[in-house]
Amino acid sequence: MKSRLRVLRAEREWSQAELAERLGVSRQSVNAIETGRYDPSLPLAFRLARLFDLPIEAIFDPGESG
Amino acid sequence: MDDSSISVTRRYGGYVLAGAVLLMGALFGANWLLDTRDLSPNLRIAVALVPVLGFAILIGLEVQIVRHLDEFQQRVQLEALAMAFPAAALLGYVVESLQKAGVAQEWTVGRVWPLMFLLYVPAYFLARWRYR
């Protein structure tokens with residue numbers, strides 16, 4: 001699943017480690033989500049949405065499969 | 001190993017080390033007693049099973065560590081185990097087949113299964129590599 005996470009993070013000038021700390025997950029997790037290799041669970045997606053104050057669909061694009 | 005894994009490891013690392021030392025001590029101690037002392041049959045059974053306590057402690061710690069990992073790290077762990085467990089089973093099958101062919105007689109299933117811990121290491125890095 002594609003995401004705008006890297007762009008949103010860059011806009012706030014956060015490092016992956018900083019975003020990971022804010023989310024309470026590992027930096028490795030943030031990297032895997034950003035590269036689209038790992039789709040977060042719904043609770044984690046909601047945490048991301050709250051953190052960026054955006055709806056989930058503004059962060060993630062499920063593409064054709066959605 | 002990243003920051004989150006490190007914090008979990010730091011939290012439980014001491015306990016894991018103590019558990020591993022306890023287990024090794026129990027294994028060597030039990031083997032030494034069984035090999036060198038003339039114990040009653042019931043006592044031999046009790047001594048032989050003492051290392052089980054060390055294994056139980058390590059299993060409990062492992063469960064605690066995995067519970068404190070985030071969802072992505074738990075997936076990596078699952079994939080690593082999903083590779084290491086069948087690989088150990090395959091190795092057991094290979095050893096059994098070789099023994100039927102008349103070689104590797106000194107190997108036992110008891111010596112093969114602990115290799116799962118060694119197989120887990122490359123499996124873990126392979127699983128992580130997939131998500132790099």
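Residues numbered from 1 in each chain as written. Chains lettered and ligands numbered in written order. Predicted model: local features only at pLDDT ≥ 70, side-chain atom pairs only at ≥ 80, totals over all residues. Heavy atoms only, no water.

**With respect to the packing of helix H2 (residues 16-23) of chain A against helix H3 (residues 27-34) of chain A**
Residue and element names in this part refer to chain A.
Then step 1. It is at 8 Å that the axes of H2 and H3 come closest, and there the two elements cross at 105 degrees. By the angle between their directions, the pair H2 and H3 is classed as roughly perpendicular. Along its contact with H2, which presents Gln 16, Ala 17, Leu 19, Ala 20 and Leu 23, the element H3 presents Arg 27, Val 30, Asn 31 and Glu 34. (Axes fitted to C-alpha atoms, helices over the stretch in contact; angles between N-to-C directions. Helix = DSSP H or I, 4+ residues; strand = E, 2+ residues; numbered from the N terminus. Parallel < 35°, antiparallel > 145°, perpendicular 65-115°, else oblique. Contact = heavy atoms within 4.5 Å.)

**Some details on the interface of chain B and chain A**
Then step 1. Counting from both sides, the interface comprises 13 residues of chain B and, opposite them, 14 residues of chain A.
Then step 2. Both sides together, the interface formed by chain B and chain A hides about 1,200 Å², and carbon and sulfur atoms give 46% of it.
Then step 3. The largest contributions to the chain B side of the interface with chain A come from Glu71(B), Phe72(B) and Tyr131(B), which together make up 45% of the buried area.
Then step 4. Connecting chain B to chain A are 0 salt bridges.
Then step 5. Summed over the shared surface of chain B and chain A, the number is 5 residue pairs in polar contact (both at pLDDT 80 or more). (Buried area = accessible area lost by both parts, 1.4 Å probe. Salt bridge = Lys/Arg side-chain N within 4 Å of Asp/Glu carboxyl O. Polar contact = N/O pair within 3.5 Å; in protein donor to acceptor, adjacent residues only side chain to side chain.)

**Overview of the nonpolar core**
Soluble globular proteins tend to bury their nonpolar side chains together.
Then step 1. Among the nonpolar cores identified, the biggest contains 27 residues, and Leu19(A), Leu23(A), Leu48(A), Phe52(A), Ile59(A) and Phe60(A) are the most heavily contacted of them.
Then step 2. Going through the elements one at a time, helix H1 (5-11), H2, H3 and helix H4 (42-52) of chain A together with helix H3 (71-100) and helix H5 (115-130) of chain B are the ones with two or more residues in this core.
Then step 3. Ranked by residue count, the leading element in this core is H4(A), at 5 residues.
Then step 4. Aside from chain neighbours lying at most four places away, what touches Ile59(A) is Lys2(A), Ser3(A), Arg4(A), Leu8(A), Leu48(A), Ala49(A), Phe52(A) and Leu54(A). (Core = buried A, V, L, I, M, F, W, Y, C linked by side-chain atoms within 4.5 Å. Buried < 20%, exposed > 50% of the residue type's maximum accessible area, 1.4 Å probe, protein only.)

**Some points on H3(B)**
Residue and element names in this part refer to chain B.
Then step 1. In a regular helix each residue adds 1.5 Å, so 30 residues correspond to 44 Å; H3 covers 44 Å between its end C-alpha atoms and thus fits that length.
Then step 2. Within the sequence span of H3, burial applies to Phe 72, Gln 73, Val 76, Gln 77, Glu 79, Ala 80, Ala 84, Ala 88, Gly 92 and Val 95.
Then step 3. A distance of 3.0 Å separates the backbone nitrogen of Phe 72 from a side-chain oxygen at the start of H3, and that oxygen is part of Asp 70. (Expected span 1.5 Å × (residues − 1).)

**Quick look at the environment of Ala89(B)**
Then step 1. Within the element layout of this structure, Ala89(B) appears in helix H3.
Then step 2. Taking the C-alpha atoms as reference, Ala89(B) lies 23 Å from Gly54(B); in sequence the two are 35 residues apart.

**Some words on the confidence of the model for chain B**
When pLDDT is low, close inspection of the predicted coordinates is not appropriate.
Residue and element names in this part refer to chain B.
Then step 1. The predicted model of chain B has a mean per-residue pLDDT of 85, with 92% of residues at 70 or higher.
Then step 2. No element of chain B has a lower mean pLDDT than helix H4 (residues 109-112), at 75, and none a higher one than H3, at 91.
Then step 3. Among the prediction metrics, the complex's ipTM stands at 0.87, with pTM recorded as 0.77. (pLDDT = per-residue confidence, 0-100.)

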